[in-house]
Structures are given as structure tokens and as C-alpha cells.
Amino acid sequence: MIILGAFSVFGVPNPVLSAVPLIVIVCITAFKDALEDSRRTATDLEVNNQVTHVLKGIDNPNFSGEQISLWRRFKKLNSKVLFALIRRIKGQADVDPLAEDMVHPRQSIDSFDFRRSMQIEANRDTFTNESTASLADPFSDANEVTADKFALKMKPFTAPPSSPVAFNGTPAFKKEYWKNIHVGDIIKLKNNDQIPVDVVILASSDSDAACYVETKNLDGETNLKVKQSMKCSSASIKSVSDLGRCKFWLDSEGPKTNLYSYQGKLNYYANGDERDEVCNEAVTINNMLLRGCSLRNTKWVVGLVVFTGDDTKIMLNAGITPSKKSRISRELNFSVILNFILLFVLCFISGLVNGIYYGRDNTSREYYEFGTIAGSAVANGIVSFFVAVILYQSLVPISLYISIEIIKTAQAYFIYSDVKMYYKKLDYPCVPKSWNISDDLGQIEYVFSDKTGTLTQNIMEFKKCTINGIPYGRAYTEAYADIRRRQGIDIEEEAAREKKEIQEDKVVMIDLLREVSVGELSKDIPNELTFISKKFAQALNGQAGDSQKLACENFMLALALCHSVLTEKSKKDPNKLELRAQSPDESALVGTARDVGFEFLDRTKKGVILNVQGIEKEYQILNILEFNSTRKRMSALVKIPSATPGGEPTALLICKGADSIIYSRLSDENDPELLEKTALHLEQFASEGLRTLCIAQRELTWTEYLTWQKRHNIAAASLENREDKMEDVASSIERDLTLLGGTAIEDKLQDGVPESIQLLARAGIKLWVLTGDKVETAINIGFSCNLLESGMNLLIIKTSGEDVEETLGKEKWKTLQGDKSRVVGALIEQYMMQYFGLTGSMDELIAAKNDHTPPSGAFGVVIDGDALKLALTDKHRINFLLLCKQCKAVLCCRVSPAQKAAVVTLVKETLDVMTLAIGDGSNDVAMIQAADVGVGIAGEEGTQAVMSADYAIGQFRYVTRLTLVHGRWSYKRLAEMIPIFFYKNVVFTLALFWYGIHDDFDGTYLFEYTYLMFYNLAFTSLPIILLGIFDQDVDDYISLIVPQLYQSGILRQEWTMTKFGWYMIDGFYQSLISYFYPYLMYFKNGIVTESGLPLDHRYLVGALVATIAIVSCDLYVIIHQYRWDWLSVLIVSLSIIIVWGWTGVWSSSLISADFFKSADELY
């Protein structure tokens, strides 16, 4: 439009001024984008220009130099000059970050750290006089074999210093920027350094060839993780010169997103000689340091760079976050198209009428015009069409989108500044990550939530256990209290009595533990002990018999040995060790073993050191088979020395995992009665809302272990399908287990969760819980958090079980012949027909889409992962969705991250509803990204969910305020602001159109051009923006007291095409008033001033029309505004007054030309 206006043929009075609104909008947008870009650039520069140490003096064959173009060199030169000028202005000294600390760099990498080994040796006891105890203790390492003849023999990695193949140069580590690190470089990292790239560890300062990293920036976990150097190189590389005496290369997989998997092979020439044997060692993720981690408790690490920049795992995981656009913004496009159609109609009428007019003869124009601009009637009509496009362009305003951006930015700021959503414990406010979807928060109909860490605190407390068929532990959990409440028990009285008795048992238990322990118990044990069982302490004391005592000791030893926990000295108390675990469950298990006398102290190169009832012992760990979501178990292989000197040792496998996994791997030699008792105890624990695990073991001969170890090494060295092969090897040994017992851990509800869920339900929002927990645990948490209600009929969907057979009936069960897909389909169909009379037809689906009322019946669906996988297939998905829509609560248990996302997508796309997903772990990311609005909780499972979310909060309870208050306000404000914006533009544009009737639409301007320029920019913009930012129909506390107000957003009653149409009609009517009222004032009778000057100039009439339009539009805004405060009234008043002010100021200037002195004549 601006370009067209520059041509005089289109009759724009002042093309320069016509560009002012667009220039202002572009400047505001450019400033906003420049600010964001400058911050991003500053962050990039800060990261790229951090310094690390890179090995120089040895060529890197993977990098042959960088080709820098002349243009890029010119830009770099400009940047250097600019930054130097800025430093000069600020008075900062020029410091070279790459300047060496010493004139002659050290040849040694750094001093070797013997402290850990010295401490181990000083604390290690010899157990030569404890042969009897070692026989009673299957975990004892009293007769440790000093030299393991079965240890892996590694060929020398480096050449001797005097070897002729040794490198003759002078390699040295020198400072270098992160941005200049390349694949194949060797870098040195020091303690507390951030890791700039993905590297394979060649050597470390630790005597065990290990190093410790904090992965907080990678996955949010603050615990330390141990990483191992390559065995082949760790013992050989102790100085820089050693790196010049070795020759090696890495066969690596390509860049992949999996943070927990890597497959590679480090190849090297033995003795650093190319004529010698080629050796290799498998590289796993445990041998890698990933970008984003930080080195801790390790003096130095030397590593080989594998991936840099965008190829690093953290950058690949950052990925491209799905671009989300709010529903109103998507529907706004249709409104804009309608306005484009209206604009085309107006312009077509203008062009047509003007063309017809120029085709007539004997008109007044023949006497006043010297020919036509275009030369013919058709050409004049075409020119008039484009003149009309320029004239009526405000009908589709660019400023609307800028106003919406301003409003949404302000709404995001209000959300961030709301102290009622500030979580003091973590110093964490509600952080909007996406600023453009705040109005979607006011239309949410379905909320999908994780359980652990989202509804619960993810702070685990060990409460109960079962050992050798005997249950231990007393606890009065929230879930158990809710069970008792449903049974009609006065839980306040019962809870007070139980808690008093538990405290009494605690005192007795601590006294008994002091009797058993040789050393002193921790002074903090009264506060830290969560496992309260006087009976267990008595069993440890031998009061329940020697066999039960041994069973309890072995059980706790298993907890203390089978884990991946690390210890770290407490910052508050240096004499105290803090546990750093990869999961809160593991920390609770190891912490309880510590509290009852089996304390994990440290890890060594060979294994772990425990303080067993006051005596320090070292246990040699042969292998760790790590836990993952597929295996659902973890195992540790412990070396058991022979009872006779020189005899062959044995190996003990300790395995812990989900009860369903462990029970499927038990030996037939287990006592059936013991298995039944343990299963009943675990079921009872789960019914109280506790998370359960099973502990089992298996004894192996040394020959069996060595045979398995060879297979394990082959699988570990494999480059293809290594994970699958490793799993097959691990699975082969994790069989024929002997059951030791089970544990029960409480994951407490977060504060305010039951009340929040109740509020959401009253607002008409349906909550579905998608969790990886077992069915029983999820059901009881559901009751305790008010998701499930007393008397609710639970519809269980599983693939097998006696209850399923009973539900379907024996005859129907036989016809299904055990086909799991048919079983799931039959259950869904039976529930639909029996309780809701549904058949799954398309008519029922269409009716479900249009029905947004909360379910009326007291029904809830509970489905496990196996059944859900089948329910989501094309054959059953519609029926499953229709069934769930009729139920007040839906619990999906044992589900994978992909299944979570699939459920969200099914509901969102099939029912065409607004969805919100909330979670706290990396397994919730897919679900969060699939939903319309994703909310991440900054909790114990890391920050990956927060990084991927649209909003980040500290606790689940804040989601009620986020949706019911801020979401509702944002939705109502935008739903009112957008149609008013169209209304005011219709008023002004159609007033111009009506004037065209009297000039045959020749493009003559009714208004002085500055009125066109400032109408959207100054005269009517602020009132409508303030409405979008500050308007409130009710206060925040009313929105929470009466959550039913939220249903207008669910039903989408505030923003509809009908409402848009009525506002357009209203604008059409107001345009008639704005134009024809002044017109009729002048019609057939002239109006003159006292001086006799006429007021019939089009600019004078136009000023009056503009004034009426502007005043009516500004008043229209405040009439539709719910909240009238001093600021809104002031801004509306100023916007009206400024019209008269501008008329007076502008008409006083000679630059206004024909408009000069118009204010004097008009007013």
C-alpha cells in the first residue's frame, strides 16, 4: 500500500506521512526482535568465548583448517572494533582470555589424586579373624583375593619414552575458546569446569580412573554421577608427553538424541607402534562426558572430542519445540479473511461506480478536468479500485496484531509477577515460556497429569517392608487415612493415636539399634529415620531367631550394595555424608539401610565400602546391570571369597525391581507359601498408596560367572544393536532368583493437590492421570487426591485376570480364546452398552464433540499399559474415547511416554477440545509437547519437562490459579478486544465509503490525511490495549470461589463468529451515524461562522465525522469494559481530548495547507 501511494496516479496527498504508521509498527517490532536477538547473541558469545584447554603441537587429522570468507572476516573485524570501543568507553582494560598463566606450560597434566586410595587403605580392615562371620555373611569379603587371575589384560596404550616411534615434538595444553574446538581434539577439563563438547574420557586424576559429573544443566538432577575412563588409556596417560607416544582412533556412531546410550569402539596400536597389534575397547555412555554437565570432585580429566556444536546430545535434545498458536489466533484468520472479502467488495464497488461515471458524457467533470488520468473508463475503474484499496486499507489493520502482541506480553508479565504462584522453597515463580497462548489457558477442558512428582512430592520415605514372609513397619499414610475415611472411621482420632504409638515405637527401635551396633549411631537418626518398626529391630537383635536375623541382615545388605548412589560430604556438616542418587526411590532405600546399621560410605575401584553395624567392610562389585524403563530392574554382582584359602570364589547376584518383573524370574525352588505371603503384603502396601519393589538374589559358581562375563564383554564390544545384546545377556543371568522380600515407599501428595483437583472438577475441567505406577498404587493415590470418590464405580480394563473373566462371563471369555485385543475390545463395548447405552457409532461421536458438560455418573476408568496399547489402535480408539468421556476420572497406569502423548493427541484431535498436559520428568516431555498448553513442574525429576513446557510452575496447585484466574482473564480480554478492534475500523472505513457516494468514488479524501494516519496509532489504540491488559469481570478470589465461571471458556462463548458478526453490524450502524449525522446537518442549508465563512469544505466535515467516530469508538470500549478504574477512565478521556488537541495544533501550522485555521472555523 505504501508503495502504491508513492505514485501520484493514486492520489495519496502525502505519501511520506502515509508511511508513518507502518514505520512505527516496524520500528516497534524491530526493537522487540532486536532486543531478543541481542540477548540471544550475548548469550551465544558468552558460551562460545568460554575458555578450555586444548592439546596443541599434535596435528588433528579430522580438521584441515577453516575457510573463512572475506565478508565474514570483515564482520569479525567490525565486531572486534565495536567491542574494543565499548570497553574503551566503559574504561575496561583489554584482557586476553587466551593468555597463558605461565611462560613455560607444565608438561604434567596435573598432580595425581591419591587421597581417595589412601583413605580407603587407612579405613580398610583386615578380617582374618572373622572367618566365622564371613561364613554367616554371604556378602563378606573377608578373604579377598589380592590378584585376580581372571582380570582383563590390556595391551600397553603408549610407547616407552625411549621408543623410536615416540613423538619428538613438544605437545602442550593451551587455552582455547569453546568455538574453536573440533572433533578429534584432545582437551583437558579441570574441577568445576563446564563440559563444552561430548568427549570420551581417556584419563582422570582419580586413582580409580573415575570422575564425577553433575548433570543439572542436562537433565536437572543435582546428584553426582560417576563416569569411567577408558581402561586401555587410563593407566598410561599421566602427562602431556604420554599423549605423543600413543596412536589411536575412534569408531563412533552418528549423532543421536538418546542421553543414556552411546556405541563406539576405541582402537589403538599396542605400545603406540603401528607395526604392533591393533587392540580395541568398547566405548559406552559411561565413558563419556556430555556437553552441559559440570566436572565435580575431580582435579582433571583428559578426553577425546567426539561431537561438537549442534551434534552434541544436549543440542539434539533441545530440538525444535512445536510452534503453538492460540485457538483465538487461528480463528482470527477467518475473521481477517472475511474483512478482506468486505474490503474487496468495497473496492470493487468503488472501481465499478467510478468507471461507469467516467463513461458518461455531459457531466461537470468535462468543464473542470482536462482529460482523464487513465485514458478510458475501464482504466479509470481499475485505478479507482487500487485507490480504494489504499483508502480503505485500515479495514484489515496491521496494528491489530501488534496490539495483540503487546497485550499478550503484558499478560505474560502479570503471570510471572503473581506472588500467589511463587514457590518459596525453590525460589521459583510461574515462568511463561510461550507468551502467545495465554488465552488458551482460559479454554482448557481436559488436563492430563503425571502422578509421581506432579501430584506427589517425589520425596520418597521408606515406610514398610516384608522380609522372609514377615511384614515390618508402621505408618499412617495419607492414602491409608483416606481408605479409613471411606470406611466411616474417625480418622482424626485414629491418626492422633497411631502417630503417638509410632513415636513411641521409634524411641524403642533406636534404643534396640544402638544395642546391635558396635559403633555409635548418627545423632540425626531421630529426625531421619522414616522406617519405624520395633519388631524389625528386635529381629536384628536375634529375638525372632537366627534365621530371621540373618534374613533381615541380608535384606538390608542387599539394599546397601545394589544401587548407583554416590556420597558427598555435607556442606553444613563435613563429618556427615550426603547421598547423591539418580532417583529419590534409590536414595530412600540406601538411606534406610544406613539408618538401621548398614551404611554405604564410598565407592572404590573394586566395589563399595560399607559400615555394617559399626564395622567397615569392603565388598567387591563385579558388575552393575543398570535400571531403565524397559528392564524395570537393577542388578549387582558381588564377589564372595572362598571360605578356604586359595579356593574358588563365588558370585552373588542381587536384583531389585518391580514385583511383576521379579516374580516372573523367580526359581521354582522358592517356597510357595513365602511367595504368597510376600505378594499379599505387597498388595496391602500398594493399597495404602505405597510404591513397592521386590528384592531377590541368585548364587553363581565362579565358572558360571566367567562364562557369562565373556558373553557380556562380547556384547559390550558390539557396535550393532549393542543395547539389545546387552539386555539379552543381562536377562540370561537374572533368572532362577530367590526371593528375599519387598519394600514399600511413600510418595507424599503435594500441598493443596486434593483441593486443586476438586476446584478443577467444579470448573468443568476433566482430569486424566497418566502414570507409570502400578494400578493399585494409582487407584489409592486417586482416592487420596479427590480424583476418585467414594462409591465411584471403577471400570477396570486389563488384558487378563480373574476379574476380567468374571466381568465378561465364562462363555464370552471362552469365545475370545485369550486374544488380548479382542478382550480389551469386549470390555470396552460391554462397559459402554451396560452403563451408558452406547454403541460407538459416528452419531455418538459427533454428539460427544458438541457435548462439553461434565459427566454426570459416578464412573471412573482404570486401564493398564498393555490394555492401553491395544485400546489406542484404530479398531478400538473411538470406543475407548467415548467410554472415557462418560467417566468423571480416567487413570492410565504403567504407560510409556509415547502412550501419554498418544492419549493426549487422541482426545485433542478427535473431540476438538483444548488440552493441558502437566508433568515434571523427561518422560512427560512428549505429552507436554502434544497438548495445546504444556506445563512443567520444577521438581525432583529434573528440568527437562520445564525446558519443553509453555509454562513452568513450582507446584501442581498453581495450575488452578493459572487457568481459572489468569487464563480466564486472558481469554475474556482478547475475546472482547479483537471484535472491538474490528468494530472501530469498520466505523471509520465505512464513513469514508459513504462519502464516496457523493463524489462517484473518485478517491477523494474526506478526512485530512493525519486523521487517517493517527486513527489507529493514537486516537483509539490505548483504550483498547488497556482493556486487553487490565479488564476484569470479577476479582481473582471470586474466580476461585465460583469456578463455574470458567465454563464460558470451555463452551467458547466469549469468542464466536456470531459475536464477531454482531460487532461488525454494530460498526456498520455507527458508521451511518458518524457520517450521515453531519451530512444531514449540512444538507440543504449551509452553516456559516460568525465571520461569514462557510463550513462546507470536505476537511471540515471530515473533522466532524472523525470526531464523532473517535468519541463513539473510545466510549464503546469503556462501555464494554467490566472494570472501570482511574487509569482506564483517564486514558479514554485523554484519547478523546487529544482529537480536539491535535485538530487545534495541526491546523495552526501552515504545513497543514487546506486544513489551516480549520479548528478556528469549526469550533
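Computed from a predicted model, the values in this text were never measured in an experiment.

### Let's talk about the sheet that holds strand β6 (residues 224-228)
- Strand order in the open sheet made by the three strands is β6-β5-β11, with antiparallel pairing throughout. The open sheet has two edge strands with one neighbour each: β6 and β11 (294-296). If you compare each strand with its neighbour and ignore which way they point, the axes differ by 45° on average.
- Across five bridges, strand β5 (residues 210-214) lies against β6 in antiparallel orientation. Note on β6: the bridge partner recorded for V213 is K225.

### Let's talk about helix α42 (residues 1098-1119)
- A rise of 1.5 Å per residue sets the reference length of α42, with its 22 residues, at 32 Å; its end C-alpha atoms lie 31 Å apart and thus fit the reference within 8%.
- In terms of burial, α42 is a largely internal element, 17 of the 22 residues being buried.

### Quick notes on the packing of helix α32 (residues 877-885) against helix α33 (residues 897-911)
- The interhelical angle for the contact between α32 and α33, taken along N-to-C directions, is 85°, at an axis separation of 11 Å. Comparing the axis directions of α32 and α33 gives the class roughly perpendicular. Two secondary-structure elements touch here, α32 through R877, I878, F880, L881 and K885 and α33 through L906, V907, T910 and L911.
- For the contact of α32 with α33, a count of residues per class yields six nonpolar, one polar and two charged.

### Points about the pairing of strand β23 (residues 650-657)
- Taken across its eight residues, β23 has seven buried, putting it largely inside the fold.
- The pairing of β23 with strand β24 (residues 690-701) spans eight bridges and is classified as antiparallel. The residue bridging I654 from the neighbouring strand is Q697, located in β24.

### Focus: helix α19 (residues 546-561)
- Taking 1.5 Å of rise per residue, 16 residues should cover 22 Å, and α19 covers 22 Å from first to last C-alpha, within 8% of that figure.
- Counted residue by residue, α19 has twelve buried out of 16 residues, so it is predominantly covered.
- Residues Q548, A551, C552, E553, N554, F555, M556, L557, A558, L559, A560 and L561 constitute the buried set of α19.

### Some points on the UniProt feature "binding site: Mg(2+)" (unreviewed entry) in the protein
- Look at the UniProt record and you will see "binding site: Mg(2+)" (unreviewed entry) annotated at D450, T452, D920 and D924. Maximum C-alpha separation among the annotated residues is 10.8 Å over a sequence range of 475 residues, consistent with a single clustered spot.
- Along the chain, D920 turns up in the loop between β30 (914-919) and α34 (925-930).
- Secondary-structure assignment places D924 in the loop between β30 and α34.
- According to the relative accessible area criterion, D924 is buried, its value standing at 0%.

### Notes on the environment of R603
- Within the secondary structure layout, R603 lies in strand β19 (residues 598-603).
- One polar contact links the side chain of R603 to the main-chain carbonyl oxygen of H563, over a distance of 2.7 Å.
- Of note is the side chain of R603, whose polar atom sits 3.0 Å from the backbone oxygen of V565.

### Quick notes on the pattern of salt bridges
- Using the criterion set out here, one finds 36 salt bridges in the structure.
- Put simply, K766 and E445 hold a salt bridge, and the shortest N to O gap is 2.9 Å. Of this pair, K766 sits in strand β26 (residues 766-770) while E445 sits in strand β14 (residues 444-449), and the two are 321 residues apart along the sequence.
- Residue class for K766 comes out buried when judged on its relative accessible area of 5%.
- Under the relative-accessibility criterion, E445 is labelled buried at 1%.

Definitions and cut-offs
- Residues numbered from 1 in each chain as written.
- Predicted model: local features only at pLDDT ≥ 70, side-chain atom pairs only at ≥ 80, totals over all residues.
- Heavy atoms only, no water.
- Pairing = 2+ DSSP bridges.
- Helix = DSSP H or I, 4+ residues; strand = E, 2+ residues; numbered from the N terminus.
- Axes fitted to C-alpha atoms, helices over the stretch in contact; angles between N-to-C directions.
- Expected span 1.5 Å × (residues − 1).
- Buried < 20%, exposed > 50% of the residue type's maximum accessible area, 1.4 Å probe, protein only.
- Parallel < 35°, antiparallel > 145°, perpendicular 65-115°, else oblique.
- Contact = heavy atoms within 4.5 Å.
- Nonpolar A, V, L, I, M, F, W, Y, C, P; charged D, E, K, R; others polar.
- UniProt positions renumbered as here; feature names shortened; annotations may be inferred.
- Polar contact = N/O pair within 3.5 Å; in protein donor to acceptor, adjacent residues only side chain to side chain.
- Salt bridge = Lys/Arg side-chain N within 4 Å of Asp/Glu carboxyl O.

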